[in-house]
2 protein chains.
Amino acid sequence: MEAEQIEAVRRFNRVITQRIGALEDAYLSREHSLGLSRLLWEIGSEGAEVRVLRSRLSLDSGYVSRQLRRLESEGLVTTDPDENDGRVRTVRLTDAGASERALLDRSSDELAASMLEPLTASQRDRLVAAMAEVEKLVIASLVRIEITDPRDPDARFCLRSYFAELGRRFDGGFDPAQSIPAGDQEMSLPDGLLLVATVQGSPVGCGALKLHPDTGIAEVKRMWVSSGVRGLGLGRRLLECLAKEASTRGTSTLRLETNQTLTEARRLYETAGFVEVEAFNDEPYAHHWFQRDLKPV
Amino acid sequence: MEAEQIEAVRRFNRVITQRIGALEDAYLSREHSLGLSRLLWEIGSEGAEVRVLRSRLSLDSGYVSRQLRRLESEGLVTTDPDENDGRVRTVRLTDAGASERALLDRSSDELAASMLEPLTASQRDRLVAAMAEVEKLVIASLVRIEITDPRDPDARFCLRSYFAELGRRFDGGFDPAQSIPAGDQEMSLPDGLLLVATVQGSPVGCGALKLHPDTGIAEVKRMWVSSGVRGLGLGRRLLECLAKEASTRGTSTLRLETNQTLTEARRLYETAGFVEVEAFNDEPYAHHWFQRDLKPV
DNA sequence: TCCATTCTCTGACCATAGTCAGAGAATCGT
DNA sequence: ACGATTCTCTGACTATGGTCAGAGAATGGA
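Peer 1: Explain the pairing of strand β5 (residues 192-199) of chain A to me, and be specific about the residues and the numbers.
Peer 2: All names here are of chain A. Within β5, 8 of the 8 residues are buried, leaving the element largely enclosed by the surrounding structure. Burial of the side chains of β5 extends over both faces: Gly192, Leu194, Val196 and Thr198 are buried on one face and Leu193, Leu195, Ala197 and Val199 on the other. Bridge count for β5 against strand β6 (residues 202-212) is 8 bridges, and the pairing is antiparallel. Paired with Leu195 across the two strands is Gly207, which belongs to β6. The antiparallel hairpin formed by β5 and β6 contains 2 residues in its connecting segment, where Gln200 sits at a positive phi of about 45°.

Right, here's the structure in full:
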């Protein structure tokens with residue numbers, strides 16, 4: 001990494017935190033403290049359970065409790081016990097609370113507008129485009145990839161999303177019963193593994209391996225990337241991560257099959273060193289079979 | 001301004017403040033509080049006067065004093081009275097303080113590096129480029145233009161910079177004595193005015209008017225934009241601002257002359273509605289004379 | 001049934017980051 | 001020379017944003 005780039009990032013951080021900080025001071029410090037406003041915001045129009053608020057903002061339970069009492073005494077929220085679980089309490093905004101929250105929303109809009117306002121139309125377009133690029137790449141830098149139990153909720157979410165996408169994209173839909181299966185056992189060590197990619201706790205992609213240590217072959221399955229984070233090279237990162245995991249577990253050849261409608265996946269495999277080979281199984285949904293040799297570690 | 005753009009800016013602000021905030025928590029919260037670290041940083045390797053620190057960080061004098069006592073008691077700084085002015089005290093870092101500051105510096109580097117580290121080389125380049133663009137445009141949105149007394153230090157700085165630049169760029173240099181002068185009086189109301197553009201307190205550009213109410217003509221003089229903020233349309237903003245000020249003061253025609261080496265200025269004048277005319281004065285350094293009619297207010 | 005756990009709440013603390021009033025010394029302006 | 005101003009400092013006070021221990025009610029699991 002070059003010193004110049006680091007200097008550029010530092011300069012950016014300095015300018016941006018100053019600017020946004022100054023604006024937040026000016027706009028958001030209405031009658032409530034920052035903490036109260038944050039809580040009010042996080043409750044949302046639907047209401048929220050106290051324990052959810054606590055974990056989302058990662059705050060102490062006593063602290064949240066006191067803040068809620070204060071909001072209550074100002075008539076901005078009401079808290080009622082949960083119907084199913086008497087320990088849990090649910091906070092809801094009153095009308096006054098909702099309008100207070102709307103005010104915060106408007107302030108945020110004004111804050112954003114004040115960054116655009118002094119600029120010409122073309123400068124605004126450039127700023128918005130550059131911000132989108134920064135945002136995207138910063139999110140990319142937040143991706144964490146970890147081996148995850150297939151029964152984990154995040155893993156379940158990814159697998160469900162994967163099947164849903166195949167259903168949407170395959171000509172004639174997708175029926176898991178027709179396809180070669182990959183059960184939880186096959187995606188758990190030592191038979192295989194599942195990688196889940198997350199951004200700040202939310203699952204955004206996955207990829208699995210079925211290991212066959214006796215033959216030195218491993219199959220790549222369940223490659224999926226959420227539409228929100230496409231174009232960030234996450235597919236490639238997952239694939240390389242799978243290759244590394246396979247390699248350290250005695251795999252010399254990686255195999256996978258794919259459907260003709262998944263063109264971007266095919267391009268990914270080709271540019272990642274896979275070569276198309278004869279069909280090595282009878283997966284009914286596959287049109288292309290790929291293979292890649294791994295360098296031993 | 002479009003709602004979409006505002007939404008994009010808000011999303012950017014959210015993502016970036018979260019990201020930078022989280023990183024700062026992780027990296028910068030060493031043994032000193034944020035306030036002490038900020039002060040330590042601001043003192044710099046050269047040392048600084050207490051009053052300068054106070055105004056730069058816009059902090060209460062009592063507060064700064066107490067913070068300094070604390071840094072002193074930890075052996076990180078020394079404060080000595082100024083040689084010339086016994087009221088002023090100058091703070092300097094001790095060796096321990098300097099190494100503490102170097103540590104902060106390194107943390108900032110690591111923080112920046114951690115944003116780049118997970119990315120591929122091409123993504124890094126894109127991120128740095130987009131950050132530079134955002135930074136530039138955000139700075140552009142921070143520019144304030146105000147009528148300023150020519151004897152004000154900021155004004156003096158701009159005028160000095162203006163002459164220095166002419167000296168560098170004109171073939172054969174520039175000698176103010178040879179040129180048609182514009183004294184402080186001529187750039188002060190009611191005879192004229194000087195606009196100074198600042199970004200967060202630092203002067204970055206200027207432009208002056210010499211008014212001639214009897215003829216309805218005003219002359220534009222001393223147009224200068226700091227090299228650090230070029231390409232942001234600041235010249236145009238200054239020029240439009242001058243035109244507006246002239247217009248409200250009974251000017252119907254704006255005039256200016258310029259040197260052939262200032263090509264970007266000439267392009268600015270042409271695209272801002274000025275047309276080249278015969279020489280209307282005998283300014284020895286001028287090669288082109290321009291004029292523009294103003295719509296009455 | 002009963003013990004462990006979960007969830008919320010209260011009370012007692014604490015550090016940080018200030019603000020405000022005023023005092024004392026040095027300097028400036030006239 | 002002297003009154004106004006500038007600069008720094010001390011003391012008293014405050015709000016914010018927490019942490020920690022423990023109590024009491026509800027629930028879950030064996």
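Peer 1: Break down the environment of Ile6 of chain A for me, citing the residues and quoting the values.
Peer 2: Position of Ile6 of chain A relative to the elements: it lies in helix α1 (residues 3-28). Residues Ile6 of chain A and Ala279 of chain A lie 273 residues apart in sequence; the distance between their C-alpha atoms is 48 Å. If we ignore the near neighbours within four places in the chain, the residues touching Ile6 of chain A are Met1 of chain A together with Asp109, Ala112, Ala113 and Leu116 of chain B.

Peer 1: Tell me about the environment of Leu232 of chain A, and name the residues and values.
Peer 2: Here Leu232 of chain A is to be found in the loop between β7 (217-225) and α8 (234-248). As for Leu232 of chain A and Ser141 of chain A, which are separated by 91 residues in sequence, their C-alpha atoms are 9.3 Å apart. In this structure, Leu232 of chain A is in contact with Lys136 and Ala140 of chain A together with Gln123 of chain B, ignoring residues within four places of it in sequence.

Peer 1: Could you give an account of the sheet that holds strand β9 (residues 275-277) of chain A, naming the residues involved and the relevant values?
Peer 2: Residues and elements named next belong to chain A. If you walk across this open sheet you meet the 7 strands as β4-β5-β6-β7-β8-β10-β9, and the pairing is mixed. Every interior strand has two partners, whereas the edge strands, β4 (143-147) and β9, have only one. Each neighbouring strand pair of the sheet contributes to a mean axis angle of 30°, computed without reference to strand direction. Direction of pairing for β7 relative to strand β8 (residues 253-258): parallel, over a ladder of 3 bridges. Residue pairing across strands places Glu219 opposite Arg255, the latter belonging to β8.

Peer 1: Before we move on, can you summarise helix α4 (residues 61-73) of chain B with the specific residues and values?
Peer 2: Residues and elements named next belong to chain B. Compared with an ideal rise of 1.5 Å per residue, which puts 13 residues at 18 Å, α4 spans 18 Å between its outermost C-alpha atoms and is within 8% of the ideal. Every buried residue of α4 is listed here: Val64, Gln67, Leu68 and Leu71. End-on, the buried residues of α4 take up no more than an arc of 100°, which puts them together on one face. Exposed and facing more than 90 degrees away from the buried side of α4 are Arg66 and Ser73. Summarising the contacts, the buried residues of α4 are in contact with α2 (34-43), α3 (50-57), β2 (77-81) and β3 (89-93). At the C-terminal side of α4, Gly75 shows a positive phi close to 75°.

What counts, and where the lines are drawn
- Residues numbered from 1 in each chain as written.
- Chains lettered and ligands numbered in written order.
- Predicted model: local features only at pLDDT ≥ 70, side-chain atom pairs only at ≥ 80, totals over all residues.
- Heavy atoms only, no water.
- Buried < 20%, exposed > 50% of the residue type's maximum accessible area, 1.4 Å probe, protein only.
- Helix = DSSP H or I, 4+ residues; strand = E, 2+ residues; numbered from the N terminus.
- Pairing = 2+ DSSP bridges.
- Contact = heavy atoms within 4.5 Å.
- Axes fitted to C-alpha atoms, helices over the stretch in contact; angles between N-to-C directions.
- Expected span 1.5 Å × (residues − 1).
- Arc of directions from axis to C-beta.

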